[in-house]
Amino acid sequence: MISDGVEDEEKWLTAGIAGLQQNAFYMHRALDSNNIKDALKYSAQMLSELRTSRLSPHKYYELYMRAFDELRKLEIFFKEESNRSCSIIELYELVQHAGNILPRLYLLCTVGSVYIRSKEAPAKDILKDLVEMCRGIQHPLRGLFLRSYLSQVSRDKLPDIGSEYEGDENTVMDAVEFVLQNFTEMNKLWVRMQHQGPAREKEKREKERNELRDLVGKNLHVLSQIEGIDLELYRDVVLPRVLEQVVNCKDDLAQYYLMDCIIQVFPDEYHLQTLETLLGACPQLQPSVDIKTVLSGLMERLSNYAASSTEVLPEFVQVEAFAKLNNAIGQVIEAQADMPVFGAVALYSSLLTFTLHVHPDRLDYVDQILGACVSKIAGKGKLEAKATKQIVALLSAPLEKYNDIDTALKLSNYPLVMEYLDDRTNKVMSNVIIQSIMKNKTHISTADKVGALFELIKGLIKDLDANNDDEMDEDDFKEEQNSVARLIQMLYNNDPEEMLKLVRRVQSQDDNVTEEETASATPKKIFQILNQTIETLSTVPVPDLALRLYLECAEDSKAQVTALYLIIGTLQRMHTFGVENRDTLTHKATGYSAKLLKKPDQCRAVYACSHLFWVEDQDGVKDVLLCLKRALRIANAAQQMANVAKGSSGSVMLFIEILNKYLYFFEKGNTQITVASIQGLIELVTTEMQSDTSTSDPAADAFLASTIRYIQSQKDKGGATGEKFEAIKV
Amino acid sequence: MVLVMAIGDLHIPHRAMELPAKFKSMLVPGKIQHIICTGNLCIKEVHDYLKSLCPNLHVTRGVYDEDARYPETETLTIEQFKLGLCHGHKVVPWGDLDSLAMVQRQLDVDILVSGHTHRFMAYKHETGMVINPGSATGSYCGMTYDVNPSIVLMDIDGLRVVVYVYELIDGEVKVEKIDFKKTSATT
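These numbers were taken from a predicted model, which means no experiment stands behind them. (Residues numbered from 1 in each chain as written. Chains lettered and ligands numbered in written order. Predicted model: local features only at pLDDT ≥ 70, side-chain atom pairs only at ≥ 80, totals over all residues. Heavy atoms only, no water.)

## A look at the packing of aromatic side chains
Think of a pair of aromatic rings as described by two things: how far the centres are apart, and how the planes are tilted against each other in angle.
Next up, step 1: As enumerated under the stated definition, the model contains 21 aromatic pairs over all chains in all.
Next up, step 2: Seen in terms of ring centroids, Phe25(A) and Tyr26(A) are 5.5 Å apart; in terms of plane orientation they differ by 65°. Their pairing is edge-to-face.
Next up, step 3: The exposure class of Tyr26(A) is partly exposed, given its relative accessible area of 29%.
Next up, step 4: Summarising the aromatic geometry, the rings of Trp614(A) and Phe665(A) are spaced 5.8 Å apart at their centres and angled 70° between planes, so their arrangement reads as edge-to-face. Note that Trp614(A) is positioned in the loop between helix H31 (599-613) and helix H32 (623-646) and Phe665(A) in helix H33 (residues 653-668), a separation of 51 residues in sequence.
Next up, step 5: An aromatic cluster is present here, built from Tyr60(A), Tyr61(A), Tyr64(A), Phe68(A), Tyr106(A), Phe145(A) and Tyr149(A) joined pairwise through their rings.
Next up, step 6: Sitting over the ring of Tyr664(A), Lys661(A) keeps its end group 5.2 Å from the ring centre.
Next up, step 7: Directly above the ring of Tyr710(A) sits Arg105(B), whose terminal nitrogen or CZ lies 3.9 Å from the centroid. (Phe/Tyr/Trp six-rings, centres within 6.5 Å; stacked < 30°, edge-to-face > 60°. Buried < 20%, exposed > 50% of the residue type's maximum accessible area, 1.4 Å probe, protein only. Helix = DSSP H or I, 4+ residues; strand = E, 2+ residues; numbered from the N terminus. Lys NZ or Arg CZ within 6 Å of the ring centre and 35° of its normal.)

This is the structure:
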């Protein structure tokens, strides 16, 4: 059935256009022979096509446009005085003889336009005449197009300031009156459309109404272009009249569109100065109107206005824009009790953006807004996704604007808003905060701020909901924890005292963490970082404690080995201890080395300790050799174990390593290491390698070979080195 | 001509947040044939990033690396050169050339790349080179003051290698190059 209707419409439109074009043809022929009467007759017939009720707005528009084109040509013809055989006043009379009212009115408007141009009568009189006569058409669709035509032809003939039509009798007020009246009548017609036809076609009607809305809005546009309308006129006449019509029509489609139109079409300075009036209309609108979108639109415009130049900012303060907007929002939210949470938050979000642009220094305003949000979302239980998204946007805005977490931390209501986020969203927000800090590289410099910050991001640091069964993807979790770790980088203060307080604060945070397998990853990580930090803080270290600390951290043997090497390496470089202390530490380190889990590890750690006994240029006692011999013993033991376990001796790698250490100290001039001892070791190694029971180890072979090459190259150096090494036989 | 990047001791996220922007913009995927990393990345993110620059990624285990699977040492042959890689925290005294030379002998390599000291170093001797690419992020190290971020790029061509070191000093990238030629082919 519907498709039939569309096909029919097409047919009617085609028929209408055909009729129109035919009459237009005859009209032009009549004009060519200066037959005014006939021309008017055919033009009336042509315009009769517009009397149809069969077309939808979309199709009617097509028909209208063709008629419009023809009327333009007619107007041009009449403009030439020589073409008319009669005066303009006579012509004006003549066209009123047309039989049907709609063609009559179109012709009147056309001739009226020429009449005004001729200036034979005041513009205001003619305009008044026309706008009132158009009342004759009460059919919404036809009336709208007719009045639209009137608006178009009169556009450039309004008695505006500076226009040629202005005079003692014609003022701007007359222009304003004319447009306002046209607007009012058009709106009435437009609203009437809503109630035409059966209830089941409501959706179709609304669609059609939407297609026509710009015809009505055009009037407001015309008003905005009238130069003679200054702030006073706008405030005292134009706005009140327009708002009156908007409120009184009680139609939500119209109200929404027109409010938005007003905001978009008139200048921002005017809006600022008429804020109260404009906002005052909002609560009077139909409850079903989406006023929050309108208000958001207004705030956005004002935000952009504020951003455009700093000179306008004082104006905002002067008109108390913030207070008025805040009030209006409060009233709207109150009036529309069933507004969903995300709607209210969206409103506050817009207000926040506005505030950040206009009053960036007024943290109290920002806080106020957050506070209002808190009271709105409190007690609403679980929030839907749309709402949480809005809240995240709300919370992110100050971060982006201020680029400094310090400022955000000063907002007392900020953490309160975060309280209402569910775990997942809290984590999302926490991440946003961390990203912001890292992007701006802002340092968090006091323990208090650290506390406040950790409170905000606690979603990442501990499990908020113990009953949460959400299995988190391990990779995601690691990423989260890593970003917290990166955050720690930003906790920094030049003053070591303050720095220490910061560190302690972070540590105490760990004490509050709930015991849980995955949660323990974070304190360990933080502790790890702190360990490294402590490295820097230790000017007078308590060495034993440091040793123990490191070894405590290492819960598996690999970590213990690493820890031990760190100790040995660090000790080797440290000269701050007294001789006795150093000795104690060295022996302790060697002792720990010998107690490592695996024999090869023991051996290697012990020979590493040999460097602790050696002080450059001091022949230093036999301790170096003793240490190396201890390593040798361990290597031997390792061999024995391999024998027992596998039935063949293990690799000689360890021995070769120790041999290289012998060579190291030999080169440095340690007299305890004799050529004989080196020789002995070489023989030991070669024997082992050639023995039947040894397993072949290509790596060991290569190592021995390169060691021998090294000895040879030292010999080849000549001089003192060459002499020293000469004695070694390879 | 094979390009090999030597990089290490980034300490992300513990001591640094990310690679310096100027280095990042230099490193384009597909240009480098091998990346050898001395260790201390420390997290998977860094591994993935390096892997995206070049699929031939070799990493040895540093003190703070999260991935326990990285080996202690690694060797690879490129053109006529044998390269060895280790982190260096187990080579005592740290940064000592003779001790490092021992490791070079042990691994039987021409070029040994190791880190841990966060100080760039490239030392030539008759039989090879010992290179330390320093810390790519310039992160803190107890034994080196004023660490500048640095990375090393080696251009290996037959028996010859040109070592380029890129150091970020006062916000500007400075480049130096060192030439080395092997006396004989790898046996």
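## Comments concerning the pattern of salt bridges
Next up, step 1: One pass over the full model with this rule turns up 30 salt bridges over all chains.
Next up, step 2: A salt bridge links Lys324(A) to Glu276(A); its shortest N-O distance comes to 3.5 Å. With Lys324(A) in helix H16 (residues 321-335) and Glu276(A) in helix H13 (residues 275-281), this residue pair connects regions lying 48 residues apart in the sequence.
Next up, step 3: The exposed category is assigned to Glu276(A), whose relative accessible area is 57%.
Next up, step 4: One salt bridge connects Glu18(B) with Lys24(B), and the closest N-O pair in it is separated by 3.9 Å.
Next up, step 5: Using a relative accessible area of 35% as the deciding quantity, one classes Lys24(B) as partly exposed.
Next up, step 6: Through salt bridges with shared partners, a single network forms among Arg117(A), Asp156(A) and Lys157(A). (Salt bridge = Lys/Arg side-chain N within 4 Å of Asp/Glu carboxyl O.)

## Considerations on the state of the cysteines
Next up, step 1: Applying the stated criterion to the full structure yields 0 disulfides over all chains.
Next up, step 2: Its sulfur unpaired, Cys42(B) is 9.7 Å from the next cysteine sulfur, which belongs to Cys37(B). (Disulfide = S-S within 2.5 Å.)

## Description of a negative patch on the surface
Residues and elements named next belong to chain A.
Next up, step 1: A cluster of like negative charges, contributed by Asp125, Asp129, Asp168 and Glu169, occupies part of the molecular surface.
Next up, step 2: Take Asp125: it is sitting in helix H6 (residues 123-133).
Next up, step 3: Since its relative accessible area comes to 39%, Asp125 is described here as partly exposed. (Patch = residues over 30% accessible without salt bridge, like charges linked within 9 Å, V, L, I, M, F, W, Y side chains within 5 Å. Areas by Shrake-Rupley, 256 points an atom, 1.4 Å probe, with all protein chains shown as cover. Lys, Arg positive; Asp, Glu negative; His and termini not counted. Charge placed at Lys NZ, Arg CZ, Asp CG, Glu CD.)

## Focus: the confidence of the model for chain A
Residues and elements named next belong to chain A.
Next up, step 1: Looking at chain A, the pLDDT average stands at 81 and 83% of residues meet or exceed 70.
Next up, step 2: Taken as a whole, residues 511-524 scores under 50 in pLDDT and shows 10 contacts with residues more than four places along the chain or in a different chain.
Next up, step 3: Every residue in residues 536-543 scores below 50 in pLDDT, and together they form 5 contacts with partners more than four places removed in sequence or on other chains. (pLDDT = per-residue confidence, 0-100. Contact = heavy atoms within 4.5 Å.)

## Section: the interface of chain A and chain B
Next up, step 1: Taken together, the contacts link 40 residues of chain A with 30 residues of chain B.
Next up, step 2: Both faces considered, chain A and chain B share a buried interface measuring about 3,400 Å² in area, 56% of it formed by carbon and sulfur atoms.
Next up, step 3: Joining chain A to chain B, the criterion identifies 2 salt bridges.
Next up, step 4: We note a salt bridge from Asp98(B) to Lys668(A), for which the minimum N-O separation is 3.0 Å.
Next up, step 5: Put simply, chain A and chain B have 8 residue pairs in polar contact (both at pLDDT 80 or more) between them.
Next up, step 6: Counting residues per element, the ones that place at least two in the side of chain A that touches chain B are helix H25 (474-489), helix H27 (521-537), helix H29 (557-573), H31, H33 and helix H35 (698-716) of chain A.
Next up, step 7: For the side of chain A that touches chain B, the element with the highest residue contribution is H29(A), accounting for 10 residues. (Buried area = accessible area lost by both parts, 1.4 Å probe. Polar contact = N/O pair within 3.5 Å; in protein donor to acceptor, adjacent residues only side chain to side chain.)

## Some remarks on the pairing of strand E10 (residues 160-169) of chain B
Residue and element names in this part refer to chain B.
Next up, step 1: Two strands pair when backbone bridges link them, and strand E9 (residues 150-157) and E10 are joined in this way by 8 bridges, in the antiparallel orientation. Considered in E10, the bridge of Val152 is made with Val165.
Next up, step 2: Linking E9 back to E10 in an antiparallel pair, the connection comprises 2 residues, with Gly158 at a positive phi of about 65°.
Next up, step 3: Direction of pairing for E10 relative to strand E11 (residues 172-181): antiparallel, over a ladder of 10 bridges. Along E11, the bridge assignment pairs Leu168 with Val173.
Next up, step 4: Linking E10 back to E11 in an antiparallel pair, the connection comprises 2 residues, with Asp170 at a positive phi of about 50°. (Pairing = 2+ DSSP bridges.)

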